[in-house]
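Each chain, written out:
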Amino acid sequence: MTGISIDGETALYGIIGNPVKHSFSPRMQSLAFHASGINAVYLPFFIQESHLPRLLASFEVVGLRGFNITTPYKEKILSYLHTLSKEAALLQSVNTVQKTADGWKGYNTDGSGFLRSLAEAGIGVEAANVLLVGAGGAARAIGVSLALAGVSCITVFNRTRKKAEALADLIQTAMPEVETRISPESRAAYDILINTTSVGMNDGQCPVPVTLTAMCDHIVDIIYNPPKTPLLEKAAERSIPCMNGLGMLLYQGVEAFEIWTGQAAPVEVMRQSLTQAVFSENGGISD
Ligand code: NAP
C-alpha cells in the first residue's frame with residue numbers, strides 16, 4: 001500500500017465483527033480507496049455485543065461514513081438502523097451500512113454480489129433451475145437474490161429440513177412466481193448447483209452425494225478458502241464448469257464500495273488483494 005497518505009481530511013470506514021481480525025476487507029477496501037484517489041481508510045473494529053447500543057453514536061462522533069458487518073452482528077444491528085434496502089428488509093440481515101441524510105441505512109450485498117460473480121463467469125440465471133445446498137445466512141441472501149433475478153425454480157437442500165422450509169417460504173414471499181422445492185429429486189437436472197454450507201471448508205467432505213453433481217450444468221461453491229473444495233474437485237473430474245466463492249466475496253465488497261462512494265469500484269485492484277490474501281493464507285498454494 002505504498003503512497004497512501006493520511007491527513008486531517010481522511011475519511012473513515014470499517015468493519016465490525018467478533019472475531020474480525022481474519023477479515024480481508026480492511027486491506028481490500030483501503031487499496032480500493034487509494035486506487036480511486038479517495039482520501040479514506042478502512043479499519044477492523046472488534047466489537048462486543050454490549051457495545052452495540054452505543055456503537056452508532058460513537059461512529060457519528062468520529063465521523064465514520066460507512067461500515068461492513070460480519071458474524072455475529074448481521075441481524076443484531078437491525079434495531080439500531082434507520083432505514084433498510086429492499087433486500088435487507090426481506091432478509092432481516094445487513095452486511096453494509098451507510099451514513100445518509102436520513103440516518104444509518106442498511107444494505108445486504110451478499111446476494112447481489114453473488115449474482116455479479118455469476119454474471120462475470122457468464123452463468124445466466126434467467127429461468128434457471130437451481131439446487132441451493134444449505135439454508136443459513138448466505139443461502140438466504142443468495143436464494144432471495146436469485147428469486148428477484150428471475151430463476152424459475154429453487155430446490156433447497158439442507159441438513160435441517162425446517163430451515164430449508166423457512167428459506168423456501170422466504171423465497172415465496174420475495175417472489176411468489178418462483179417455484180420452490182425441498183430436497184432434490186434423484187436424476188433431476190439442474191442448471192446451477194450452489195453449495196452454501198461450510199461442508200468442504202476443513203473436513204474434506206462433499207456436501208451432496210456425488211450422483212447429484214452429474215446432472216448439473218454449473219457448480220458453485222461459495223467457500224473460497226480452500227480455493228478448491230472436494231465438491232469443486234468432483235466437478236472438475238466430470239468436466240463440469242465450476243467456481244469458488246472468491247467472486248462473491250469480491251463483489252459483495254465492490255457493491256459496498258459503490259454504495260459508499262457512488263462510483264465504480266476498482267474491481268481488479270480488489271480482486272488482486274483478495275487473491276493474494278487467500279494465496280498467502282494457504283501457504284502460497286493457490287489450489
Ligand atoms: P450459517 O448461517 O451458519 O449456515 C451454515 C449452513 O451450513 C447451514 O445450512 C447448515 O445446516 C450447514 N452445515 C453446517 N455444517 C454442516 C454439516 N456438517 N453437514 C451439513 N450441513 C452443514 O453460515 P453462513 O454464513 O451461511 O456461511 C456458510 C458458508 O458460506 C461458510 O463456509 C462461509 O465461509 C461461506 N460464505 C462465503 C461467502 C463469500 O463471500 N464467498 C459469504 C458468506 C458465507 P443446518 O441448517 O442443518 O445447521
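The rules behind each value
- Residues numbered from 1 in each chain as written.
- Predicted model: local features only at pLDDT ≥ 70, side-chain atom pairs only at ≥ 80, totals over all residues.
- Heavy atoms only, no water.
- Near = heavy atom within 4 Å.
- Polar contact = N/O pair within 3.5 Å; in protein donor to acceptor, adjacent residues only side chain to side chain.
- Areas by Shrake-Rupley, 256 points an atom, 1.4 Å probe, with all protein chains shown as cover.
- 1 Å grid on protein atoms, 1.4 Å probe; cavity = no way out; pocket = protein on both sides within 12 Å on 5 of 7 lines; lining within 4 Å.
- Sits in = over half its atoms within 2 Å of the grid points.
- Helix = DSSP H or I, 4+ residues; strand = E, 2+ residues; numbered from the N terminus.
- Pairing = 2+ DSSP bridges.
- Buried < 20%, exposed > 50% of the residue type's maximum accessible area, 1.4 Å probe, protein only.
- Points joined across faces, edges and corners; volume = space filled by probe spheres on them.
- Nonpolar A, V, L, I, M, F, W, Y, C, P; charged D, E, K, R; others polar.

**Here we look at the site of the ligand**
Point 1. Taken together, the neighbourhood of the ligand is formed by 20 residues, with G137, A138, N158, T160 and I222 sitting nearest.
Point 2. Between the ligand and A135, the relevant distance is 2.9 Å, taken from an oxygen atom to a main-chain nitrogen or oxygen of the residue.
Point 3. Taking N158, its side chain carries an N or O atom lying 2.7 Å from an oxygen atom of the ligand.
Point 4. Compared with its free state, where it exposes 920 Å², the ligand has 70% of that area covered by protein.
Point 5. Using a 2 Å cut-off from the grid points, one finds that the ligand occupies the largest pocket.
Point 6. Where the shell around the ligand is concerned, the elements lending two or more residues are α5 (137-148) and α9 (246-261).

**Digging into the sheet that holds strand β2 (residues 40-46)**
Point 1. Spatially, the six strands line up as an open sheet ordered β2-β1-β3-β5-β6-β4, and their pairing is mixed. Looking along the sheet, the strands with just one partner apiece sit at the ends: β2 and β4 (83-84).
Point 2. In the sheet, β4 pairs with strand β6 (residues 103-107) via two bridges, with the strands oriented parallel. Note that in β6 the partner of T83 across the bridge is K105.

**Observations regarding unusual backbone geometry**
Most peptide bonds adopt trans geometry, and most residues besides glycine take a negative phi value.
Point 1. In this chain, N18 is followed by P19 through a cis amide linkage whose omega measures 10°.
Point 2. Its identity is not glycine, yet A127 carries a phi of approximately 60°, on the positive side.
Point 3. Its place among the elements puts A127 in the loop between α4 (110-120) and β7 (129-133).
Point 4. Despite not being glycine, S183 shows a phi value in the positive range, around 75°.
Point 5. When you line up the elements, S183 lands in the loop between β9 (179-182) and β10 (190-195).
Point 6. S183 sits in the partly exposed class, given a relative accessible area of 30%.

**Looking at the layout of surface pockets**
Point 1. In this structure, the largest pocket spans a volume of roughly 1600 Å³.
Point 2. Around the largest pocket, the lining comprises 49 residues; the ones closest to its centre are T71, K74, A138, T196 and I222.
Point 3. Among the secondary structure elements, those contributing two or more residues to the lining of the largest pocket are β3 (66-69), α5, α9 and α10 (267-281).
Point 4. Sort the elements by how many residues they give to the lining of the largest pocket and α5 lands first, with five residues.
Point 5. For the lining of the largest pocket, the class distribution of residues is 22 nonpolar, 20 polar and seven charged.

**Considering the pairing of strand β5 (residues 96-100)**
On a regular strand, one side chain projects to one face of the sheet and the next to the other, so that they alternate.
Point 1. Where β3 lies against β5, three bridges are found, and the strand directions are antiparallel. Looking at the pairing, N68 lines up with T96 of β5.
Point 2. For β5 and β6, the ladder comprises five bridges, and the chain directions are antiparallel. From the neighbouring strand, V97 faces β6, where its bridge partner is G106.
Point 3. Hairpin connection between β5 and β6: a loop of two residues separates the two successive antiparallel strands.

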